[in-house]
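# Inside the fold
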Amino acid sequence: MKRTLASLGAAAVLAAGALALTPGSAAAADGCWGNAGQKQAFGKTYTARYCHNYQGDVVGVYETDTGYLYSGDNWFVCQVQYGENAPVGDAKNNWWLWTQGDDVYSDGGWGWFPANKVSGGNNYEPIPGLATC
């Protein structure tokens, strides 16, 4: 599922020649916000929230890539603490966020996205504003 607003925002940033957002950028939002609609996950209904993320793979329950998520303000359903994320610079975490990728490889693109590729979190802490699964 394409995120039109995120795509337009990314295009505007590139067209304006603005600096690229990287983890820790002051231009990125802190934590998650807003109401992205009701989503079913793991037998429960959650209010999905928008979070600013950096591009990366969405990983399924069998630790295979189920999709790819582009950078921008995308929705996430909930988060869990599990295994270690691959470090991104100094960002290290063991929290994962449930979402659906923009590009779909399998399982409808649904899977886990590493918290250290989402703005607003601290090392080894959940992303503020997003429910725990």
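One can find the structure itself at the top, above this paragraph.
Residues numbered from 1 in each chain as written. Predicted model: local features only at pLDDT ≥ 70, side-chain atom pairs only at ≥ 80, totals over all residues. Heavy atoms only, no water.

Moving on: unusual backbone geometry. One non-glycine residue with positive phi stands out, namely Phe42, at about 55°. Along the chain, Phe42 turns up in the loop between strand 2 (38-41) and strand 3 (44-47). (Helix = DSSP H or I, 4+ residues; strand = E, 2+ residues; numbered from the N terminus.)

A few words on the state of the cysteines. This structure, assessed with the given rule, holds two disulfides. The side chain of Cys32 participates in a disulfide bridge whose partner is Cys51; the two sulfur atoms lie 1.9 Å from each other. An S-S torsion of about 105° defines the bridge between Cys32 and Cys51 as right-handed. Here Cys32, found in strand 1 (residues 32-33), pairs with Cys51, found in strand 4 (residues 49-53); they are 19 residues apart in sequence, far enough to count as distant. When sorted by exposure, Cys32 lands in the same class as Cys51, which is buried. Here Cys78 connects covalently by a disulfide to Cys133, the sulfurs 1.8 Å from one another. An S-S torsion of about 90° defines the bridge between Cys78 and Cys133 as right-handed. In this pair, Cys78 sits in strand 8 (residues 78-81) while Cys133 sits in the segment after strand 11 (110-114), placing the two residues 55 residues apart along the sequence. Across the protein chain, the way the bonded cysteines pair up, counted in sequence order, is 1-2, 3-4. (Disulfide = S-S within 2.5 Å. Buried < 20%, exposed > 50% of the residue type's maximum accessible area, 1.4 Å probe, protein only.)

Moving on: the pairing of strand 7 (residues 72-76). Within strand 7, four of the five residues are buried, leaving the element largely enclosed by the surrounding structure. With five bridges joining them, strand 4 and strand 7 adopt antiparallel strand pairing. Paired with Arg49 across the strands is Phe76, a residue of strand 7. (Pairing = 2+ DSSP bridges.)

Turning our eyes to something else, we now look at the sheet that holds strand 1. As summarised here, the arrangement of the three strands in space is 1-4-7, forming an open sheet in which the pairing is antiparallel. Looking at the sheet topology across the chains shown, the edges are occupied by strand 1 and strand 7. Across two bridges, the pairing between strand 1 and strand 4 is antiparallel. Note on strand 4: the bridge partner recorded for Trp33 is Tyr50.

As a further point, take the nonpolar core. Listed in full, the twelve residues of the largest apolar core are Cys32, Cys51, Val58, Leu69, Phe76, Trp95, Leu97, Phe113, Ala115, Val118, Ile127 and Leu130. If you look at the next biggest cluster of nonpolar residues, it comprises ten residues, including Tyr46, Cys78, Trp96 and Trp112. (Core = buried A, V, L, I, M, F, W, Y, C linked by side-chain atoms within 4.5 Å.)

A few words on the side chain of Asn93. In this fold, Asn93 is placed in the loop between strand 8 and strand 9 (95-100). According to the relative accessible area criterion, Asn93 is buried, its value standing at 2%. Not counting residues up to four positions away in its chain, the partners in contact with Asn93 are Gly83, Glu84, Asn85, Ala115, Asn116, Asn122, Tyr124 and Glu125. (Contact = heavy atoms within 4.5 Å.)

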